[in-house]
Amino acid sequence: MIFATNNKHKLQEVRQMLDGIVDVVSLADVGLEGDIPETADTLQGNALQKAQWVYQRTGRDCFADDTGLEVEALGGAPGVYSARYAGEHCSFDDNINKLLAALDGKENRRADFRTVICLIEKGVPRYFEGRVDGVILTERHGVEGFGYDPIFMPDRFALSFAEMPLDVKNMISHRGLATKKLVGYLRQQNVAK
Ligand code: IMP
């Protein structure tokens, strides 16, 4: 099944969880090139847009995810704009620097990550959502993962996402929880076949 991403970190996370259920291939694996448009103003809208882009070009079952980091003190920003928070073509580091500056001196550092996965099967979309709550740290911790991982510490843990082994992040993360729901659905489908 095609996962509408070329983000190697996302691919690794999701592949680990779907191991033995479906073989997951990336856009590059099926020779799809170019930037997928992400112009919706909701996570669900972007996930659908990405999955539809692949479905229209391949006719194959596929799924896409869209994630946002929602920071309480910033009214939910960067949210659906998390990838381009510090501007078009910015790096993960630029985004982290901008967020740390925006929260400088603020007491409330609560935030959540939310992921929506859109699965398209025979043209029909279905959605799976995951959320994790936590805080934004005042500086980077750890080198694993990607994106905002070094500055996000989930509740009930004393480690940032970037300090956790992948299987631990997958157990509690936004994408991990959404993928778990996808796994449950695909398992049911396999049993029904
Ligand atoms: P995307 O549009 O789903 O790729 O996600 C938007 C942005 O959110 C990414 O560019 C990353 O900066 C960030 N992001 C998504 N998932 C994660 C994660 O698991 N950890 C940290 N940052 C993430």
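So, here is what we can say about the structure in this document.

Scoring rules and cut-offs
- Residues numbered from 1 in each chain as written.
- Predicted model: local features only at pLDDT ≥ 70, side-chain atom pairs only at ≥ 80, totals over all residues.
- Heavy atoms only, no water.
- Core = buried A, V, L, I, M, F, W, Y, C linked by side-chain atoms within 4.5 Å.
- Buried < 20%, exposed > 50% of the residue type's maximum accessible area, 1.4 Å probe, protein only.
- Helix = DSSP H or I, 4+ residues; strand = E, 2+ residues; numbered from the N terminus.
- Contact = heavy atoms within 4.5 Å.
- Near = heavy atom within 4 Å.
- Polar contact = N/O pair within 3.5 Å; in protein donor to acceptor, adjacent residues only side chain to side chain.
- Areas by Shrake-Rupley, 256 points an atom, 1.4 Å probe, with all protein chains shown as cover.
- 1 Å grid on protein atoms, 1.4 Å probe; cavity = no way out; pocket = protein on both sides within 12 Å on 5 of 7 lines; lining within 4 Å.
- Sits in = over half its atoms within 2 Å of the grid points.
- Salt bridge = Lys/Arg side-chain N within 4 Å of Asp/Glu carboxyl O.

Leu69, Leu99, Ile136, Tyr148 and Phe152 are the most contacted members of the largest nonpolar core, which totals 17 residues. Only strand 2 (62-71), helix 3 (92-102), strand 4 (110-121) and strand 5 (124-136) provide two or more residues apiece to this core. Tallying contributions element by element places helix 3 first for this core, with three residues. Sequence-distant contacts of Leu69, defined by excluding residues within four places in its chain, comprise Gly76, Ala77, Pro78, Gly79, Ser82, Leu99, Ala111, Asp112, Phe113, Ile136, Tyr148 and Phe152.

A few words now on the site of the ligand. Taken together, 17 residues sit near the ligand, with Lys10, Asp149, Lys169, His174 and Arg175 positioned nearest. Contacts to the ligand include Asp149, whose side-chain N or O atom sits 2.6 Å from a nitrogen atom. Notes on the ligand: free accessible area 470 Å², of which the protein chains cover 94%. Put simply, the ligand lies in the largest pocket.

What follows is about the pattern of salt bridges. Scanning all chains against the criterion turns up 15 salt bridges. The partner of Asp93 in a salt bridge is Arg140, with the nearest N and O atoms 3.1 Å apart. In this pair, Asp93 sits in helix 3 while Arg140 sits in the loop between strand 5 and strand 6 (152-154), placing the two residues 47 residues apart along the sequence. Look at Asp93 and you get partly exposed, because its relative accessible area is 43%. With a closest N to O distance of 3.3 Å, Glu121 and Arg126 form a salt bridge. Among the residues examined, Glu121 registers a relative accessible area of 15% and is labelled buried. Taken together, the shared-partner salt bridges connect Lys10, Glu13, Asp65, Asp149, Lys169 and Arg175 into one network.

This part takes up the environment of Val183. Its location among the elements puts Val183 in helix 5 (residues 174-192). In sequence terms Val183 and Ile21 are 162 residues apart; their C-alpha atoms lie 7.6 Å from each other.

What follows is about the environment of Glu13. With respect to the helices and strands, the residue Glu13 is situated in helix 1 (residues 8-18). In this structure Glu13 comes out as buried when scored by relative accessible area, which is 3%. Considering only alpha carbons, one finds Glu13 and Phe146, 133 residues apart in sequence, at a separation of 11 Å. Apart from residues no more than four positions distant in its own chain, Glu13 is found in contact with Phe146, Leu166, Lys169, Asn170 and Arg175.

Here we take up the side chain of Asn170. In this structure, Asn170 sits in helix 4 (residues 166-172). Only 3.0 Å separates the side chain of Asn170 from the side chain of Gln16, close enough to count as a polar contact. Setting aside anything within four residues of it in sequence, one finds Asn170 in contact with Glu13, Gln16, Met17, Gly176 and Leu177.

Okay, the side chain of Thr5 next. Within the secondary structure, Thr5 is located in the loop between strand 1 (2-3) and helix 1. Given a relative accessible area of 7%, Thr5 falls into the buried group. A distance of 3.0 Å separates a polar side-chain atom of Thr5 from the backbone nitrogen of Asn7. Here Thr5 is in contact with Lys10, Leu11, Ser26 and Leu27, once residues within four sequence places are set aside.

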